[in-house]
Amino acid sequence: MPDQSSTTVETLRWRNNRIEMIDQRILPGRIEYPGFDSAAGVAQAIRDMVIRGAPAIGCAAAYGVAVEALRLSTLSQADFARGLDNAFAVLAQSRPTAVNLFWALDRMRKLHANLLGQPVAAVAQRLLEEAHNITAQDITINQKMGGFGAALLPDKSRVLTHCNAGALATAGHGTALGVIRSAVLAGKSLKVFADETRPFLQGARLTAWELLQEKIPVTLITDNMSGHLMSCGEIDVVVVGTDRVAANGDVANKIGTYMVAVLARRHNIPFYVACPLSTIDRSITDGSQIPIEERSDAEVRGYGGIEWAPIGVSIRNPAFDITPAELVTALITENGVVTAPDRQKIAALFAES
Ligand code: MRU
């Protein structure tokens, strides 16, 4: 498994021929690592948000293919290929918005196609290696992004973040929290405001916990407080992650991000999006084409077994929203910072890679 030394939180780990994931539904109360040894099990874990966050979902999907390949590795070539096709389909249906899921499946599918005809046990081992590679590379990419992003955060700045784009949302280090971590490691003194992030509470439960583990000063606020704090001059910069960026620079991220971006523009506060290249979907021309997941109304009705909404009320639960590119001060990628992102600048980013 990859070196995760830059973070204290281990999101995924390979143990006893299973992929184990920290169960993000029960953090911070309990730390448990359920293990999965089938694609169907991993797909269910992604759907139920045992694991969440775009890059982490990509890593989990790659391991989903690998564990299924190991499970089927005594079958004939034809049965093995049929079983893997099924695994790809099951995993692709787990969650729709984070493009890293499809990016990782695509990478695994291409590798499998290149290995056709080889003994199935060897193919399964190679697919497992690739899942390890995707995971290790994710950490390296996050550290590179962190280096570029850290330079954008002035010493002593007060940084607002939304949802959890930390080590827990990746293989390690994080994207938005990776930028914050790198800045702190570079000696900057920062204060983080974490939006609670209704309804799944990734900010309250995960970002707050993750930053406390590393003693990075963090203050938790509810989602409706950030405008007030901005108007009082208490926030200097916003850094968030993303689940998918369209070719024109429109950004899909956790529901509520759009409101934060509008408020940041109103108050002249830079709004940065930490975005590995694997999160950019150049096949999609603008944000209106990004599929927005609608989740169960139970998440809005209440939490943790407590329901506060009246029985019979109608509920909407879109899990993501789109921030138009014009509200994005810059994308922070592993290939550098793209200020005022647009179609040309994003295309150029890939020309360089
Ligand atoms: O529903 P989630 O928790 O998977 O949503 C996560 C986010 O929106 C993150 O901000 C995004 O995936 C970037 S994570 C590095």
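Residues numbered from 1 in each chain as written. Predicted model: local features only at pLDDT ≥ 70, side-chain atom pairs only at ≥ 80, totals over all residues. Heavy atoms only, no water.

> What exactly am I supposed to notice about the overall build of the protein here?
Helix and strand content of the protein: 11 helices and 16 strands. Computed over its C-alpha atoms, the radius of gyration of the protein comes to 20 Å, within 12% of the 20 Å expected for a compact globule of 353 residues. Expressed as lengths along the three principal axes of its C-alpha atoms, the size of the protein is roughly 65 × 55 × 40 Å. The 353 residues of the protein split such that 56% are buried. Residue pairs at least 24 apart in sequence account for 73% of intrachain contacts in the protein once pairs closer than 6 positions are excluded. With an accessible surface of roughly 14,200 Å², the protein has 53% of that area assigned to carbon and sulfur atoms. Between the centroid of the 33 positive side chains of the protein and the centroid of its 36 negative side chains there is a distance of 1 Å. (Helix = DSSP H or I, 4+ residues; strand = E, 2+ residues; numbered from the N terminus. Rg over C-alpha atoms; globule rule 2.2 N^0.38 Å. Buried < 20%, exposed > 50% of the residue type's maximum accessible area, 1.4 Å probe, protein only. Contact = heavy atoms within 4.5 Å. Areas by Shrake-Rupley, 256 points an atom, 1.4 Å probe, with all protein chains shown as cover. Lys, Arg positive; Asp, Glu negative; His and termini not counted. Charge placed at Lys NZ, Arg CZ, Asp CG, Glu CD.)

> How do you make sense of the site of the ligand when you look at a structure like this?
Around the ligand, the surrounding shell holds 19 residues, and the nearest of these are Arg 52, Gln 202, Asp 243, Asn 253 and Lys 254. Between an oxygen atom of the ligand and a main-chain N or O atom of Gly 53, the distance comes to 2.9 Å. One of the side-chain N or O atoms of Asp 243 is found 2.8 Å from an oxygen atom in the ligand. When isolated, the ligand has an accessible area of 410 Å², and the protein chains bury 100% of it. For the shell around the ligand, the elements supplying multiple residues, two or more each, are α2 (54–71) and β9 (251–254). In the shell around the ligand, the residues fall into seven nonpolar, eight polar and four charged. Residue-level mapping places the shell around the ligand at the junction of two domains, with at least three residues from each of domain 1 (12–143) and domain 2 (145–352). (Near = heavy atom within 4 Å. Polar contact = N/O pair within 3.5 Å; in protein donor to acceptor, adjacent residues only side chain to side chain. Nonpolar A, V, L, I, M, F, W, Y, C, P; charged D, E, K, R; others polar. Domains from an automatic or database assignment.)

> Honestly, the sheet that holds strand β16 (residues 336–339) in this entry has me stumped. Any pointers?
Two strands in a sheet stick together by hydrogen bonds in their backbones, pointing the same way (parallel) or opposite ways (antiparallel). Strands sit in the order β6-β5-β4-β7-β10-β15-β16 across an open sheet of seven strands; the sheet is mixed. Two strands in the sheet have a free side with no partner beyond their single neighbour: β6 (218–221) and β16. Sheet twist, expressed as the average angle between the axes of neighbouring strands with direction ignored, equals 25°. Here strand β4 (residues 158–161) pairs with strand β5 (residues 191–195) via four bridges, running parallel. Bridged to Thr 161 within β5 is Ala 194. Against the sheet, helix α5 (residues 120–150) touches β10 (271–274), β15 (330–333) and β16, its axis set at about 140° to β15. (Pairing = 2+ DSSP bridges. Axes fitted to C-alpha atoms, helices over the stretch in contact; angles between N-to-C directions.)

> Sorry if this is basic, but what is going on with the packing of α2 against helix α4 (residues 99–114) here?
The relative placement of two packed helices comes down to the angle between their axes together with the axis-to-axis distance. Closest axis-to-axis distance for the α2/α4 pair is 7 Å, and the angle between their directions is 35°. The two elements α2 and α4 cross, and the hand of that crossing is right-handed. The segment α2 lies against α4, with Ala 54, Pro 55, Ile 57, Gly 58, Ala 61, Ala 62, Val 65 and Ala 66 engaging Asn 100, Leu 101, Ala 104, Leu 105 and Met 108. For the contact of α2 with α4, the class distribution of residues is 11 nonpolar, two polar and no charged. (Left-handed = near helix turned anticlockwise from the far one by under 90°.)

> I'm lost on α4 in this one. Help?
Counting along an α-helix, one turn takes 3.6 residues, and residues three or four places apart therefore face a common direction. In this model, α4 (16 residues) spans 23 Å end to end at C-alpha, consistent with the 22 Å of a helix rising 1.5 Å per residue. Considered for burial, the residues of α4 that qualify are Val 99, Asn 100, Leu 101, Ala 104, Leu 105, Met 108, Leu 111 and His 112. Check the buried side of α4 and you find it contacts α1 (39–48), α2, α3 (77–92), α5, β8 (244–246) and β11 (280–281). (Expected span 1.5 Å × (residues − 1).)

> Explain the pairing of strand β7 (residues 237–240) to me, please; I cannot follow it from the model alone.
Here is the key point about a regular strand: its side chains alternate between the two faces of the sheet. Here β7 shows a buried face lined by Val 237 and Val 239 and a second buried face lined by Val 238 and Val 240. Pairing of β4 with β7, which is carried by two bridges, proceeds in the parallel orientation. Among the inter-strand pairings, Val 159 is bridged to a residue of β7, identified as Val 237. Examined bridge by bridge, β7 and β10 share three bridges and lie parallel to one another.

> How should I be thinking about unusual backbone geometry in this particular structure?
What is expected of a backbone is that most residues other than glycine have negative phi and most peptide bonds are trans. Leu 27 connects to Pro 28 through a cis peptide bond whose omega is 0°. A positive phi angle, close to 60°, is found at Asn 268, a residue other than glycine. Asn 268 gets classed as exposed once you look at its relative accessible area, which sits at 72%. Positive phi outside glycine occurs at Ala 340, with the angle close to 45°. By the secondary structure assignment, Ala 340 is in the loop between β16 and α11 (343–352).

> Explain the pattern of salt bridges to me, please; I cannot follow it from the model alone.
Inspection of every chain in the model, using the stated rule, returns 21 salt bridges. Arg 30 is paired through a salt bridge with Glu 32; the nearest N and O atoms lie 2.9 Å apart. Between Arg 295 and Glu 299 there is a salt bridge whose closest N-O contact spans 2.8 Å. Relative accessible area serves as the criterion here: at 14%, Glu 299 is assigned to the buried category. Because the salt bridges share partners, they merge into one network encompassing Arg 95, Glu 293, Arg 295 and Glu 299. (Salt bridge = Lys/Arg side-chain N within 4 Å of Asp/Glu carboxyl O.)

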